[in-house]
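What the coordinates show
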Amino acid sequence: MGYIQKLMLPPTPSAADLLRTYKLPALRRFAQNFLLDPRGTSKFVACAGNIENKFVIEVGPGPGGITRQLFEHGAAQVAAIEKDIRLFPALQVIT
Ligand SMILES: C[S@@+](CC[C@H](N)C(=O)[O-])C[C@H]1O[C@@H](n2cnc3c(N)ncnc32)[C@H](O)[C@@H]1O
């Protein structure tokens, strides 16, 4: 039953899609420069070593490109601390 429900869910929009949907340009005052290529963010997270079942604190997640990879790499929980409240809706899509 749970398996069937999972198949019926629409795919999670990409971080790039969310930036377009919510019209969120990167702002210089927050030193923003977003990593949107999942292959790049995956390699980045791999550098942190084994995070399976770990609690991870991420400062400045932006639209969540790296946040997604933290979960893909098995993080049990992620506490993402973001200063720019415009990005909160994009981050909520991931959780
Ligand atoms: C260079 S961007 C990187 C965004 C994301 N990690 C990525 O790789 O796509 C830095 C992020 O940190 C956030 N930020 C800047 N100052 C911050 C602060 N004092 N506390 C929390 N987040 C902050 C910005 O709003 C931005 O989302």
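Reading the values: rules and limits
Residues numbered from 1 in each chain as written. Predicted model: local features only at pLDDT ≥ 70, side-chain atom pairs only at ≥ 80, totals over all residues. UniProt positions renumbered as here; feature names shortened; annotations may be inferred. Helix = DSSP H or I, 4+ residues; strand = E, 2+ residues; numbered from the N terminus. Contact = placed C-beta atoms within 7 Å. Buried ≥ 20, exposed ≤ 12 C-beta atoms within 10 Å, placed from the backbone. Pairing = 2+ DSSP bridges. Right-handed = clockwise from strand over helix to strand, strands pointing away.

You'll find the protein chain entered in an unreviewed UniProt entry as rRNA adenine N(6)-methyltransferase, with Adineta steineri given as the organism. As its UniProt record puts it under Sequence similarities (unreviewed entry), the protein chain is described as follows: "Belongs to the class I-like SAM-binding methyltransferase superfamily. rRNA adenine N(6)-methyltransferase family."

To continue, consider the overall build of the protein chain. Check the secondary structure of the protein chain and you find five helices and two strands. For the protein chain, the succession of helices and strands along the chain, N to C, is α-α-α-β-α-β-α. Each principal axis of the C-alpha atoms in the protein chain carries an extent, and together these give about 45 × 30 × 20 Å. Expressed as a percentage of contacts within the protein chain between residues at least 6 apart in sequence, the contacts between residues at least 24 apart total 52%.

Inspection of the secondary structure puts Lys23 in the loop between helix 2 (15–21) and helix 3 (38–46). In sequence terms Lys23 and Arg86 are 63 residues apart; their C-alpha atoms lie 9.6 Å from each other.

Moving on: the pairing of strand 1 (residues 55–59). Within strand 1, only zero of the five residues are buried, which leaves it mostly out in the open. Pairing of strand 1 with strand 2 (residues 77–81) involves five bridges; the strand directions are parallel. Bridge pairing links Glu58 to Ala80 in strand 2.

Across the two faces of strand 2 the burial differs, with Val78 and Ala80 buried and Gln77, Ala79 and Ile81 not buried at all. Handedness of the β-α-β unit built from strand 1, helix 4 (residues 65–72) and strand 2 comes out right-handed.

The subject of this paragraph is the UniProt feature "binding site: S-adenosyl-L-methionine" (unreviewed entry) in the protein chain. Taken from the UniProt record, the annotation "binding site: S-adenosyl-L-methionine" (unreviewed entry) applies to Asn33, Leu35, Gly60 and Glu82. Secondary-structure assignment places Asn33 in the loop between helix 2 and helix 3. In this fold, Glu82 is placed in the loop between strand 2 and helix 5 (88–94). In this structure Glu82 touches Gly60, Pro61, Leu87 and Leu91, once residues within four positions along its chain are discounted.

So, about helix 4. Taken across its eight residues, helix 4 has six buried, putting it largely inside the fold. Among the residues making up helix 4, those that are buried are Gly65, Ile66, Thr67, Arg68, Gln69 and Leu70.

Attention now goes to the environment of Gly64. With respect to the helices, strands and loops of the structure, Gly64 is situated in the loop between strand 1 and helix 4. For Gly64, a count of 27 C-beta atoms within 10 Å translates into the label buried. Distance from Gly64 to Ala80, taken between C-alpha atoms, is 8.8 Å for residues 16 residues apart in sequence. The residues touching Gly64, leaving out its near neighbours within four places in the chain, are Ala15, Ala90, Leu91 and Ile94.

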